[in-house]
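Coordinate analysis (summary)
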Amino acid sequence: MKKRSLIPILYILFLMLPIYWLVAMSFKTTNEILSGFSLFPQTFTLENYRVIFTDPTWYWGYINSIIYVSLNTVISIIVALPAAYAFSRYSFLGDKQLFFWLLTNRMAPAAVFALPFFQLYSAVGLFDTHLAVALAHCLFNIPLAVWILEGFMSGVPKELDETAYVDGYSFPRFFVSIFLPTIKAGVGVAAFFCFMFSWVELLLAKTLTAVAAKPIAATMTKTASSAGYELGLLAAAGTLTIIPGAIVIYFVRNYIAKGFALGRV
Amino acid sequence: MKTQNQYGWYFVLPVLLLVAFNALIPMMTVVNYSVQETFGDNVFFWQGLDWFEQILRSDRFHAALGRQFLFTGLILAIEIPLGIIIALAMPRQGFWVPVCLVTMALPMLIPWNVVGAMWNIFTLPEIGLLGYFMNNTLGISYDMTQDPIAAWVTIVTMDVWHWTSLVVLLSYAGLVSIPDAYYQAAKIDGASPWSVFRHIQLPKMKTVLTIAILLRFMDSFNIYTEPFVLTGGGPGNSTTLLSIDLVKIALGQFDLGPAAAMSLIYFAITLLVSWLFYTLMTKDDGK
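Residues numbered from 1 in each chain as written. Chains lettered and ligands numbered in written order. Predicted model: local features only at pLDDT ≥ 70, side-chain atom pairs only at ≥ 80, totals over all residues.

An unreviewed UniProt entry annotates chain B as ABC transporter permease of Litoreibacter roseus. Its UniProt record, at the heading Sequence similarities (unreviewed entry), says of chain B: "Belongs to the binding-protein-dependent transport system permease family." If you open the UniProt record of chain B and go to Subcellular location (unreviewed entry), you find "Cell membrane". (UniProt positions renumbered as here; feature names shortened; annotations may be inferred.)

Taking an unreviewed UniProt entry as the reference, chain A is identified by name as Sugar ABC transporter permease belonging to Litoreibacter roseus. Taken verbatim from the UniProt record of chain A, the Sequence similarities (unreviewed entry) comment is "Belongs to the binding-protein-dependent transport system permease family."

Written as structure tokens, this is what we have:
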């Protein structure tokens, strides 16, 4: 038993090392970073974080990211719920083909879509808005949300629907007051995944924004090139991008394994 | 059984409209570019299938495709077995389960360019933790900006760091769904740990492993941001994977026609391989 638990411990250690290094760097001064190797920060400083929290180009990056990620999560879930219900309950002409087509959108490399997306969203006047990024991320988040929700919904017996109709519930009332609470774990997991993939994606978010809706990740790449070697600042910004993810994982921790299996275990 | 009617279409309509807007219009734009030549000013000339022929015959495309298959092959060969081993060794209940799950999921929630930047800082030869350790403590010369082998080791290690947890979590979900009775029966029969794995655990993990292999294939085949930030495709062209090469052609050289043709070929390969994997892995499911 002792020997067995060594494997996860070593693995977690391996996962934490680069994260530790990023966090340690963020508390060092630029001088210390460039002057040589030190395992722990010698002159502990919060200067890097102060810069981020006082400079609008930095902190607006975070606000922009959070706005479009939340917007995307809400849109994806609202649209995916009825579709997932249809796939789990009804059999209609072309349902399998439609489901597969939805999934193929996850297979398209984002690099393929970067330029056409820029032209499309410029043409409809949404370029450099939060809505543009939120809608663009629907391309890969809606299929995923439908897939996860369908998995969870298929686990709910059909008798639940039928009993509710016999009891005189209308469809919308049944869906909101009985069905949704039954699959709330699934909704949480789907929302978590939409949040996650919208939060980590950069290529489309960067292509569709210039100034007003620029995501934090794009602010970072700009700094990396223009300010030269401000590694401490970069590390502090990177550390701050880990925090929202850590918070949302905490909320779904009990469902996370089932969630990654798309509700299909 | 499912109800047989056409009402389903009303429910999927919003999804259909949104995804079609995002997928069909850009895809048609790409198709449009792929058969035309432009010299700017929005003037286009019909080019037919010339770009496709040019891409399919170019050594540059073959080289990038080869590197892409090597990368994806290495990723699958390392991450799938490693993920299963870690999932098997994880505790099944108690306080440590959520701790393991949350810490393991953490790398997947870090923005992809931050992952690249983090590994860049981590591997810098003189001031990065790994770079310093390799060069000064172990005495192995390691600099991924100079040495193609080091660059490859670094991007593969980075991806293992980033995504093995996905395989772990999926396998773990499959393992905890096995009822205790199965293990008890195996114990009575005196089954060895290997035959428990081969005849009880592996079959139960089949669905989730199918999902894991498909997701890992699709995502590693389309990978762009992390290796781009980490190595920029270098040194030379040694880590220029398909996506990186595509963006170089499309946005760097602004050769829209060839880039569009390459996009379509790229997408077709991804679809074909995903479909092959899917059919092979689910072919005995019909029972």
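Now that the structure has been shown, the text picks up again.
So, the overall build of chain A
The helix and strand inventory of chain A stands at 14 helices and one strand. Dimensions of chain A, computed from the C-alpha atoms along their principal axes, are close to 75 × 60 × 30 Å. For chain A, the proportion of contacts with a sequence separation of at least 24, taken over those separated by at least 6, is 78%. (Helix = DSSP H or I, 4+ residues; strand = E, 2+ residues; numbered from the N terminus. Contact = placed C-beta atoms within 7 Å.)

Some remarks on the environment of B:G94
Residues and elements named next belong to chain B. The topology assignment puts G94 in the loop between α3 (59-89) and α4 (96-105). With 8 C-beta atoms counted inside 10 Å, the residue G94 sits in the exposed group. With 102 residues separating them along the chain, G94 and V196 place their C-alpha atoms 23 Å apart. (Buried ≥ 20, exposed ≤ 12 C-beta atoms within 10 Å, placed from the backbone.)

Some remarks on the UniProt feature "domain: ABC transmembrane type-1" (unreviewed entry) in chain B
The UniProt entry lists residues 65-277 of chain B under the feature "domain: ABC transmembrane type-1" (unreviewed entry), expressed in the numbering used here. Within residues 65-277 of chain B, the helical portion is 76% and the strand portion 0%, while the C-alpha atoms at the span's ends are 18 Å from each other.

A word on the environment of B:R67
Residue and element names in this part refer to chain B. Turning to its location among the elements, R67 is positioned in helix α3. Distance in space between the C-alpha atoms of R67 and N237 is 9.9 Å, their sequence separation being 170 residues. R67 has contacts with T240 and L241, leaving out every residue within four places of it along the chain.

Some thoughts on the confidence of the model for chain A
Of the residues in chain A, 92% have a pLDDT of 70 or more, and the chain-wide mean is 83. The secondary structure element of chain A with the lowest average pLDDT is helix α14 (residues 256-260) of chain A, at 65, and the one with the highest is helix α4 (residues 56-89) of chain A, at 90. (pLDDT = per-residue confidence, 0-100.)

Focus: the UniProt feature "transmembrane region" (unreviewed entry) in chain A
Residues and elements named next belong to chain A. UniProt's entry tags residues 7-27, 66-87, 99-118, 130-153, 174-200 and 231-252 with the feature "transmembrane region" (unreviewed entry), counted in the numbering of this structure. With 90% helix and 0% strand, the stretch residues 99-118 has end C-alpha atoms that lie 27 Å from each other. For residues 174-200, the end-to-end C-alpha separation is 36 Å, with 96% helix and 0% strand making up the annotated structure.

A look at the interface of chain A and chain B
Taken together, the contact between chain A and chain B spans 80 residues of the former and 75 residues of the latter. At 13 residues, the largest contribution of residues to the side of chain A that touches chain B is made by helix α1 (residues 2-26) of chain A. Split into classes, the residues belonging to the side of chain A that touches chain B amount to 62 nonpolar, 11 polar and seven charged. Looking at chain direction, strand β1 (residues 90-91) of chain A and strand β1 (residues 3-4) of chain B are connected through two bridges and run parallel. By the bridge assignment for β1(B), A:Y90 is matched with B:T3. (Nonpolar A, V, L, I, M, F, W, Y, C, P; charged D, E, K, R; others polar. Pairing = 2+ DSSP bridges.)

Regarding the confidence of the model for chain B
Of the residues in chain B, 96% have a pLDDT of 70 or more, and the chain-wide mean is 84. Interface scoring of the predicted complex returns ipTM 0.84; its pTM is 0.86.

Structural notes on the nonpolar core
Within the largest apolar cluster, 153 residues are counted, with the highest numbers of intra-cluster contacts made by A:A80, A:V146, A:L149, A:L204, B:I121 and B:L169. Residues within four places of B:I121 in sequence aside, it is in contact with A:W21, A:L22, A:M25, A:L231, A:A235 and B:G128. (Core = buried A, V, L, I, M, F, W, Y, C linked by C-beta atoms within 7 Å.)

Quick notes on the packing of α4(A) against helix α7 (residues 130-154) of chain A
Residues and elements named next belong to chain A. Contact geometry for α4 and α7: axes closest at 6 Å, N-to-C directions at 40°. Comparing the axis directions of α4 and α7 gives the class oblique. Every pair of crossing elements has a handedness; the one defined by α4 and α7 is right-handed. Tallied by class, the residues present in the contact of α4 with α7 amount to 21 nonpolar, eight polar and one charged. (Axes fitted to C-alpha atoms, helices over the stretch in contact; angles between N-to-C directions. Parallel < 35°, antiparallel > 145°, perpendicular 65-115°, else oblique. Left-handed = near helix turned anticlockwise from the far one by under 90°.)

Looking at the packing of helix α8 (residues 159-166) of chain A against helix α9 (residues 171-182) of chain A
Residue and element names in this part refer to chain A. Look at α8 against α9: their axes get within 11 Å of each other, and the N-to-C directions meet at 150°. With respect to α9, the element α8 is oriented roughly antiparallel. Two packed elements cross with a definite hand, and for α8 against α9 that hand is right-handed. Listed contacts from α9 to L160, D161 and A164 of α8 are F174, I178 and T182. Considering only residue class, the contact of α8 with α9 consists of four nonpolar, one polar and one charged.

A word on the UniProt feature "transmembrane region" (unreviewed entry) in chain B
Residues and elements named next belong to chain B. Residues annotated by UniProt as "transmembrane region" (unreviewed entry) correspond here to residues 7-25, 69-88, 95-122, 160-178 and 260-281. From the first C-alpha to the last, residues 7-25 spans 27 Å; its make-up is 95% helix and 0% strand. Summarising residues 160-178: 89% helix, 0% strand, and an end-to-end C-alpha distance of 27 Å.

Section: helix α7 (residues 148-176) of chain B
In an α-helix, one full turn covers 3.6 residues, which means residues spaced three or four apart are oriented alike. Over its 29 residues, α7(B) runs 42 Å from end to end, which matches the ideal 42 Å to within 8%, given 1.5 Å per residue. Across the 29 residues that make up α7(B), a large majority, 21, are buried. (Expected span 1.5 Å × (residues − 1).)

Quick look at the environment of B:S165
Residues and elements named next belong to chain B. Position of S165 among the secondary structure elements: in helix α7. Its 26 C-beta neighbours within 10 Å are what place S165 among the buried residues. As a C-alpha pair, S165 and I55 span 110 residues in sequence and 36 Å in three-dimensional space. If we ignore the near neighbours within four places in the chain, the residues touching S165 are M104, A105, P107 and M108.

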